[in-house]
Amino acid sequence: MKKLLMTAALVATVSLAGCAGNEAKADSYEDIVAAATATHADAAKSGYTWKQKKMKKGYVDTYLAKAEEAKAKGDDEGALKAAKQALKTAKAEVAQRDSANGLKAGWEK
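This one's a predicted model, so the numbers in the text were calculated from it and none came from an experiment.

Draft legend 1. Examining the side chain of Thr39 more closely. On the secondary structure map, Thr39 appears in helix H2 (residues 29-45). One polar contact links the side chain of Thr39 to the main-chain carbonyl oxygen of Ala35, over a distance of 2.7 Å. Contacts of Thr39, omitting those with residues within four sequence positions, involve Leu87, Ala90, Lys91 and Val94.

Draft legend 2. Structural view of the nonpolar core. One finds Tyr29, Leu64 and Ala83 to be the most contacted residues of the largest nonpolar core, which totals 14 residues. Listing elements by their share of this core, those giving two or more residues are H2, helix H3 (59-73) and helix H4 (76-100). Sorting elements by how many residues they give to this core places H4 first, with six residues. Once you skip the residues sitting within four places of it in the chain, Ala83 turns out to touch Tyr29, Ile32, Val33 and Ala67.

Draft legend 3. Expanded view of H4. Taking 1.5 Å of rise per residue, the 25 residues of H4 would be expected to cover 36 Å, and the 36 Å separating its terminal C-alpha atoms lies within 8% of that figure. Buried within H4 we find Ala79, Ala82, Ala83, Ala86, Leu87, Thr89, Ala90, Glu93, Val94 and Arg97.

Draft legend 4. Region of interest: the packing of H3 against H4. The contact between H3 and H4 brings their axes to 8 Å, and the two run at 165°. By the angle between their directions, the pair H3 and H4 is classed as roughly antiparallel. Relative to H4, H3 is oriented so that their crossing is left-handed. Of the residues in H4, those touching H3 at Tyr59, Val60, Tyr63, Leu64, Lys66, Ala67, Ala70 and Lys71 are Asp76, Gly78, Ala79, Ala82, Ala83, Gln85, Ala86, Thr89, Ala90 and Glu93. Of the residues in the contact of H3 with H4, the class split is eleven nonpolar, three polar and four charged.

Rules behind the numbers
- Residues numbered from 1 in each chain as written.
- Predicted model: local features only at pLDDT ≥ 70, side-chain atom pairs only at ≥ 80, totals over all residues.
- Heavy atoms only, no water.
- Helix = DSSP H or I, 4+ residues; strand = E, 2+ residues; numbered from the N terminus.
- Polar contact = N/O pair within 3.5 Å; in protein donor to acceptor, adjacent residues only side chain to side chain.
- Contact = heavy atoms within 4.5 Å.
- Core = buried A, V, L, I, M, F, W, Y, C linked by side-chain atoms within 4.5 Å.
- Buried < 20%, exposed > 50% of the residue type's maximum accessible area, 1.4 Å probe, protein only.
- Expected span 1.5 Å × (residues − 1).
- Axes fitted to C-alpha atoms, helices over the stretch in contact; angles between N-to-C directions.
- Parallel < 35°, antiparallel > 145°, perpendicular 65-115°, else oblique.
- Left-handed = near helix turned anticlockwise from the far one by under 90°.
- Nonpolar A, V, L, I, M, F, W, Y, C, P; charged D, E, K, R; others polar.

Structure, rendered in structure tokens:
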């Protein structure tokens, strides 16, 4: 009986985990660029954009420019790769902002 319950629990866990991974993903270039732009704009509202001092543009803007350049040359694979990198960076900016929410310095009470 115990073996049967363990097996049933394992099957249920695997089934639910499989369903959770079936989220709708944007695969087209336009969808990825739109998502990256919107996510980056959300991060920029609160000041969480990633940029080094000597850079003229931030990382997301640089990746989007590379994507546009590759798209203009006809390199769809390179454009998609750069767009995905821009989306990944924009999501990381938002994740950093969200993880810093509510943090206090060690001396604050």
